[in-house]
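Chain residues, written in single-letter form:
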Amino acid sequence: MTKHKGFPGRYPGSEFQFTIRRANPKGITPLKRLERYKDRKSVDKRIDAAFFAAIWEYFGEEPFERGNLDAGRLSWLFGREIVPANADDFDPASYEALLRVDPNVARVSFPECFEEDETW
């Protein structure tokens, strides 16, 4: 499992994790699209935005390996802002799965992450 050195481990000042420390011995949690309903708590929306901002800053538009990124947190973005890099060769239950940012969708969902002055 690739560990993304320098990627934030969690949302600052909270227990909301962005990365995992080690591979799950009981099996890999598969990525799946989780529905983001309009009545989600504002803290959940802020955490999604902060997680996406970290991904955008760390990886940009380049394909990246899932590695130690938290499956639960990724699943809130998966299928929208984060998509498989190659849909034909994608295994949602692999730490080696390649993902990429869809900047067109992400700019609509998280416009604040693309502002030059914004710091997360």
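Residues numbered from 1 in each chain as written. Predicted model: local features only at pLDDT ≥ 70, side-chain atom pairs only at ≥ 80, totals over all residues. Heavy atoms only, no water.

Colleague: Let's hear about the environment of tyrosine 95: which residues, and what values?
Modeller: As for its position among the elements, tyrosine 95 is in the loop between strand E2 (82-84) and strand E3 (98-101). Considered as a pair, tyrosine 95 and glycine 67 are 28 residues apart in the sequence and their alpha carbons are 4.8 Å apart. What tyrosine 95 contacts, discounting residues up to four positions off in sequence, is Met1, Ile20, Ala23, Asn24, Ile28, Glu65, Arg66 and Gly67. Of the polar contacts made by the side chain of tyrosine 95, one reaches the backbone nitrogen of asparagine 24; its length is 3.0 Å. (Helix = DSSP H or I, 4+ residues; strand = E, 2+ residues; numbered from the N terminus. Contact = heavy atoms within 4.5 Å. Polar contact = N/O pair within 3.5 Å; in protein donor to acceptor, adjacent residues only side chain to side chain.)

Colleague: Describe the side chain of arginine 40, listing the residues and the values that go with them.
Modeller: Take arginine 40: it is sitting in the segment before helix H1 (42-59). At 2.4 Å, the side chain of arginine 40 forms a polar contact with the side chain of aspartate 48. Apart from the residues lying within four places of it in its own chain, the contact partners of arginine 40 are Lys45, Asp48 and Trp76.

Colleague: Which residues make up the nonpolar core, and what are the values?
Modeller: Phe52 and Ile55 are the most contacted members of the largest nonpolar core, which totals 29 residues. Looking at this core, the elements that each hand over two or more residues are H1, helix H2 (71-75) and E3. Among the elements that line this core, the one with the most residues is H1, at 10 residues. Setting aside residues up to four positions removed in sequence, isoleucine 55 forms contacts with Phe7, Gly60, Phe64, Leu74, Leu77, Ile82 and Val101. (Core = buried A, V, L, I, M, F, W, Y, C linked by side-chain atoms within 4.5 Å. Buried < 20%, exposed > 50% of the residue type's maximum accessible area, 1.4 Å probe, protein only.)

Colleague: Explain a positive patch on the surface to me, and be specific about the residues and the numbers.
Modeller: A cluster of basic residues, Lys3, Lys5, Arg21 and Arg22, forms a positive patch on the protein surface. Assignment of secondary structure puts arginine 22 in the segment before H1. (Patch = residues over 30% accessible without salt bridge, like charges linked within 9 Å, V, L, I, M, F, W, Y side chains within 5 Å. Areas by Shrake-Rupley, 256 points an atom, 1.4 Å probe, with all protein chains shown as cover. Salt bridge = Lys/Arg side-chain N within 4 Å of Asp/Glu carboxyl O. Lys, Arg positive; Asp, Glu negative; His and termini not counted. Charge placed at Lys NZ, Arg CZ, Asp CG, Glu CD.)

Colleague: Explain the pattern of salt bridges to me, using residue names and the numbers behind them.
Modeller: In total, this model carries five salt bridges according to the counting rule given. The partner of glutamate 81 in a salt bridge is arginine 36, and the shortest N-O contact between them spans 2.8 Å. With glutamate 81 in the loop between H2 and E2 and arginine 36 in the segment before H1, this pair connects stretches of sequence that are 45 residues apart. Residues arginine 80 and glutamate 81 are paired through a salt bridge, measuring 4.0 Å at the closest nitrogen-oxygen approach. On the basis of relative accessibility, which here comes to 11%, the residue arginine 80 falls in the buried class. The class of glutamate 81 is buried, set by a relative accessible area of 0%. One continuous salt-bridge network, built from bridges that share partners, spans Arg36, Arg80 and Glu81.

Colleague: How would you summarise the environment of alanine 23 if you had to cite specific residues and measurements?
Modeller: Tracing the sequence through the fold places alanine 23 in the segment before H1. Looking at alanine 23, the relative accessible area reads 36%, which means it is partly exposed.

Colleague: Lay out the packing of aromatic side chains in plain terms, naming residues and giving numbers.
Modeller: Per the stated rule, a full pass over the model turns up 11 aromatic pairs. Ring centres of phenylalanine 52 and phenylalanine 114 lie 5.9 Å apart, and the angle between their planes is 45°; on these two criteria the pair is classed as tilted. Taken as a pair, phenylalanine 52 in helix H1 and phenylalanine 114 in the segment after helix H3 (103-109) lie far apart in primary sequence, 62 residues in all. The residues phenylalanine 52 and phenylalanine 114 share a single accessibility class, namely buried. An aromatic cluster of three or more residues is present, and its members are Phe7, Phe18, Phe51, Tyr58, Phe59 and Phe64. The ring of tryptophan 76 carries the charged tip of arginine 40 above its face, separated from the ring centre by 4.1 Å. (Phe/Tyr/Trp six-rings, centres within 6.5 Å; stacked < 30°, edge-to-face > 60°. Lys NZ or Arg CZ within 6 Å of the ring centre and 35° of its normal.)

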